[in-house]
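Below, each chain spelled out in residue letters.
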Amino acid sequence: MNILVICLGNICRSPMAEGLLLKHLHEDLKFSAWKVDSCGTSNYHQGELADPRMLSTAKKHGIKLTHRSRQLTVEDFDEFDYLWVMDEQNYLDVVSICPSKKDKVDLISNFSKSYKGQMIPDPYFGDQNGFDEVYKLLDHICAEIVQGFNLKY
Ligand code: 4NP
């Protein structure tokens, strides 16, 4: 199974979601071959590591983020089974690239049990607290997603 997580800049929310999905999935051997990647709808930060504030939050929790920002491509719609976005604007931007494959696109929270429909707020223009909040939310969501996969596979 291939999962692509997507936000605007690919330096805050989606690299953290990638790290957390990998952490939760790879705690279980049966998911060890699953591929997870992340990208942005924009190319604003092409080639950059995650924002230093996100790196700092991740490090506090023992997670090392090594992903470098890249922009979503039309090929991603073939390569990945799921394209999971963080908010409504991401959804509109992603679907507009390849409307015929919009069934693969959804809010990441819609795959968790208790957070359905919830947006992951963009922390970029805020302070460190916002990054810690995004971490907490994504950690709960990713843990629940993997629990759901556990029942399914
Ligand atoms: P992200 O956050 O979409 O979670 O990576 C942002 C990063 C950069 C910008 C906006 C949001 N920016 O405008 O540069």
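Preceding block: the structure.
No experiment lies behind these values; they were computed from the predicted model shown. (Residues numbered from 1 in each chain as written. Predicted model: local features only at pLDDT ≥ 70, side-chain atom pairs only at ≥ 80, totals over all residues. Heavy atoms only, no water.)

1. Focus on the overall build of the chain
Definition in use: Numbering of helices and strands runs from the N terminus; a helix is a DSSP stretch of H or I covering at least four residues, while a strand is a stretch of E covering at least two. In this description the radius of gyration comes from C-alpha coordinates, and the expected globular size is given by 2.2 Å times residues to the power 0.38. Burial classification: accessible surface area is computed with a 1.4 Å probe over protein chains only, and a residue below 20% of its type maximum counts as buried, one above 50% as exposed, and the rest as partly exposed. In what follows, residue pairs with any heavy atoms lying within 4.5 Å of each other are defined as contacts. Surface exposure here means Shrake-Rupley accessible area, sampled with a 1.4 Å probe, where a residue is shielded only by the protein chains that are shown. A positive count includes Lys and Arg, and a negative count includes Asp and Glu. His and the chain ends are not counted in either. Every charge is mapped to an atom, namely NZ of Lys, CZ of Arg, CG of Asp or CD of Glu.
A tally of regular secondary structure across the chain gives 5 helices and 4 strands. Its C-alpha atoms give the chain a radius of gyration of 14 Å, near enough to 15 Å, the size a compact globule of 153 residues would have. Considered along the principal axes of its C-alpha atoms, the chain spans approximately 35 × 35 × 25 Å. Counting only residues that meet the buried cut, the chain has 48% of its 153 residues in that class. Looking at the chain alone, contacts between residues at least 24 apart form 69% of all its contacts between residues at least 6 apart. Surface exposure of the chain reaches about 7600 Å², of which carbon and sulfur atoms provide 53%. Taking the average place of the 17 positive charges on the side chains of the chain and the average place of its 22 negative ones, the gap between the two points comes to 4 Å.

2. A closer look at the nonpolar core
Taken as a class, soluble globular proteins show a tendency for nonpolar side chains to be buried jointly. What counts is decided by this rule: Remark: nonpolar core denotes a set of buried residues (Ala, Val, Leu, Ile, Met, Phe, Trp, Tyr, Cys) joined through side-chain atoms within 4.5 Å.
Residues M16, W84, I108, L138 and F149 are the most contacted members of the largest nonpolar core, which totals 34 residues. Among the elements of the structure, β1 (2–7), α1 (13–26), α2 (52–60), β3 (82–85) and α5 (128–152) are those that each provide at least two residues to this core. A per-element tally of this core places α5 first, with 10 residues. When near neighbours in sequence (up to four residues on either side) are disregarded, F149 contacts I3, L25, F31, W34, Y82 and W84. Of all hydrophobic cores here, the second largest spans 13 residues; its members include I6, F80, C98 and V105.

3. Concerning the packing of aromatic side chains
For any pair of aromatic rings, geometry is given as the distance between the ring centres together with the angle between the planes. Convention followed: Any two rings among Phe, Tyr and Trp, with Trp reduced to its six-membered ring, count as a pair given centres within 6.5 Å; such a pair is stacked if its planes are under 30 degrees apart, edge-to-face if over 60, and tilted if neither.
Counted according to the given criterion, the structure contains 11 aromatic pairs. Measuring from ring centre to ring centre gives 6.4 Å for W84 and F149, while their planes differ by 15°; the resulting arrangement is stacked. A residue pair is termed long-range when its members are at least 10 positions apart, and W84 in strand β3 and F149 in helix α5 qualify at 65 residues. Taking relative accessible area as the criterion, F149 reaches 4% and is therefore assigned buried. Consider the rings of Y124 and F125, whose centres lie 4.8 Å apart with planes at 85°: the pair is edge-to-face. Residue class for F125 comes out exposed when judged on its relative accessible area of 77%. An aromatic cluster is built from F31, W34, Y82, W84, F111, F149 and Y153, whose rings are joined through pairwise contacts.

4. Description of α1
Heads up, the condition is: Here a helix's expected span is defined as the number of its residues, less one, multiplied by 1.5 Å.
The terminal C-alpha atoms of α1 lie 20 Å apart, and with 14 residues this matches the ideal 20 Å at 1.5 Å per residue to within 8%. Among the residues of α1, those classed as buried are R13, S14, P15, M16, A17, E18, G19, L20, L21, H24 and L25.

5. Topic: the packing of α2 against α5
The relative placement of two packed helices comes down to the angle between their axes together with the axis-to-axis distance. Rule in force here: Fitted lines through C-alpha atoms give the axes, limited to the stretch in contact for helices. The angle between two N-to-C directions lies from 0 to 180 degrees. By the definition adopted for this analysis, an angle is roughly parallel if under 35 degrees, roughly antiparallel if over 145, roughly perpendicular if from 65 to 115, and oblique otherwise. Each crossing gets its hand from how the near helix is turned against the far one by less than a right angle, where anticlockwise is left-handed and clockwise is right-handed. Each residue is assigned to one of three groups, with Ala, Val, Leu, Ile, Met, Phe, Trp, Tyr, Cys and Pro labelled nonpolar, Asp, Glu, Lys and Arg labelled charged, and all others, Gly among them, labelled polar.
The interhelical angle for the contact between α2 and α5, taken along N-to-C directions, is 50°, at an axis separation of 9 Å. One finds that α2 runs oblique with respect to α5. Crossing of α2 against α5: the hand is right-handed. Contacts between α2 and α5 involve R53, M54, S56, T57 and K60 from the first element and Q128, F131, D132 and Y135 from the second. Residues that form the contact of α2 with α5 fall into these classes: 3 nonpolar, 3 polar and 3 charged.

6. Here we look at the pattern of salt bridges
So the rule is basically this: Take a side-chain nitrogen of Lys or Arg and a carboxyl oxygen of Asp or Glu: if they are within 4 Å of each other, that pair is a salt bridge.
According to the stated counting rule, one finds 9 salt bridges in the structure shown. As a salt-bridge pair, D51 and R53 come within 2.9 Å of each other at their nearest N and O atoms. You can call D51 buried: its relative accessible area is 8%. Within the structure, one salt-bridge network assembled from shared partners comprises D37, R70 and D76.

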